[in-house]
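Listed below, chain by chain, are the residues.
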Amino acid sequence: MATGMQRQKAAKNWIGDAVKREGRVRKYLGVAKGEKIPMAELDNAIRDLKSRKDKDPSLLAALQLAKRFKKPGGI
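The model shown is predicted, which means the values in this text are computed figures rather than measured ones.

Enquirer: So what about helix H4 (residues 39-51)? Which residues, and what values?
Expert: With 13 residues, H4 extends 19 Å from end C-alpha to end C-alpha; this agrees with the ideal 18 Å at 1.5 Å per step. Packed against the buried residues of H4 are helix H3 (24-29) and helix H5 (57-70).

Here you go:
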């Protein structure tokens, strides 16, 4: 059973567990490390991926998480 301290640590560091493959979105979009990813580019990538027959659900989730991180007041 988790103690209160363990739960606090897990709640504080949940983001590290949410991002499984660091740099995956940048690689997919072709954006170099250190450059900002435009919101429009994320929107287009999500729209394109949803319309494809051979969708990769984990890549779609990664794109949506990246979009959520960029929103003001997001995560």
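Enquirer: Summarise the environment of Ser51; cite the residues concerned and give the values.
Expert: Structurally, Ser51 can be placed in helix H4. Among the polar contacts listed, one links the side chain of Ser51 to the backbone oxygen of Asp48, at a separation of 2.8 Å.

Enquirer: Requested: an account of the packing of H4 against H5, with residues and values cited.
Expert: Packing of H4 against H5 brings their axes to within 10 Å, and their N-to-C directions diverge by 155°. Here H5 runs roughly antiparallel to H4, going by the angle between their axes. The interaxial crossing formed by H4 with H5 has left-handed handedness. Side by side, H4 and H5 meet where Met39, Leu42, Asp43, Ala45, Ile46, Leu49 and Lys50 of the first sit next to Leu59, Leu60, Leu63, Gln64, Ala66, Lys67 and Lys70 of the second. Along the lines of polarity and charge, the residues of the contact of H4 with H5 split into nine nonpolar, one polar and four charged.

Enquirer: Can you tell me about the nonpolar core, naming the residues and giving the values?
Expert: By size, the foremost hydrophobic cluster in this structure holds twelve residues: Val25, Leu29, Val31, Ile37, Leu42, Ala45, Ile46, Leu49, Leu59, Leu60, Leu63 and Ala66. Looking at this core, the elements with two or more residues in it are H3, H4 and H5. If we skip the residues at most four places from it in the chain, Val25 touches Ile37, Leu42, Ala62, Leu63 and Ala66.

Enquirer: Talk me through H5; I want residue IDs and the actual numbers.
Expert: Because an α-helix packs 3.6 residues into every turn, residues spaced three or four apart end up facing the same way. Here H5 contains 14 residues, and its C-alpha end-to-end distance of 20 Å stays within 8% of the 20 Å for a straight helix at 1.5 Å per residue. Restricting attention to buried positions, one finds in H5 the residues Leu59, Leu60, Leu63 and Ala66. Buried residues of H5 fall within an arc of 125° about the axis and therefore sit on the same side. Looking at the packing, one finds that the buried side of H5 touches H3 and H4.

The rules behind each value
- Residues numbered from 1 in each chain as written.
- Predicted model: local features only at pLDDT ≥ 70, side-chain atom pairs only at ≥ 80, totals over all residues.
- Heavy atoms only, no water.
- Helix = DSSP H or I, 4+ residues; strand = E, 2+ residues; numbered from the N terminus.
- Expected span 1.5 Å × (residues − 1).
- Contact = heavy atoms within 4.5 Å.
- Polar contact = N/O pair within 3.5 Å; in protein donor to acceptor, adjacent residues only side chain to side chain.
- Axes fitted to C-alpha atoms, helices over the stretch in contact; angles between N-to-C directions.
- Parallel < 35°, antiparallel > 145°, perpendicular 65-115°, else oblique.
- Left-handed = near helix turned anticlockwise from the far one by under 90°.
- Nonpolar A, V, L, I, M, F, W, Y, C, P; charged D, E, K, R; others polar.
- Core = buried A, V, L, I, M, F, W, Y, C linked by side-chain atoms within 4.5 Å.
- Buried < 20%, exposed > 50% of the residue type's maximum accessible area, 1.4 Å probe, protein only.
- Arc of directions from axis to C-beta.

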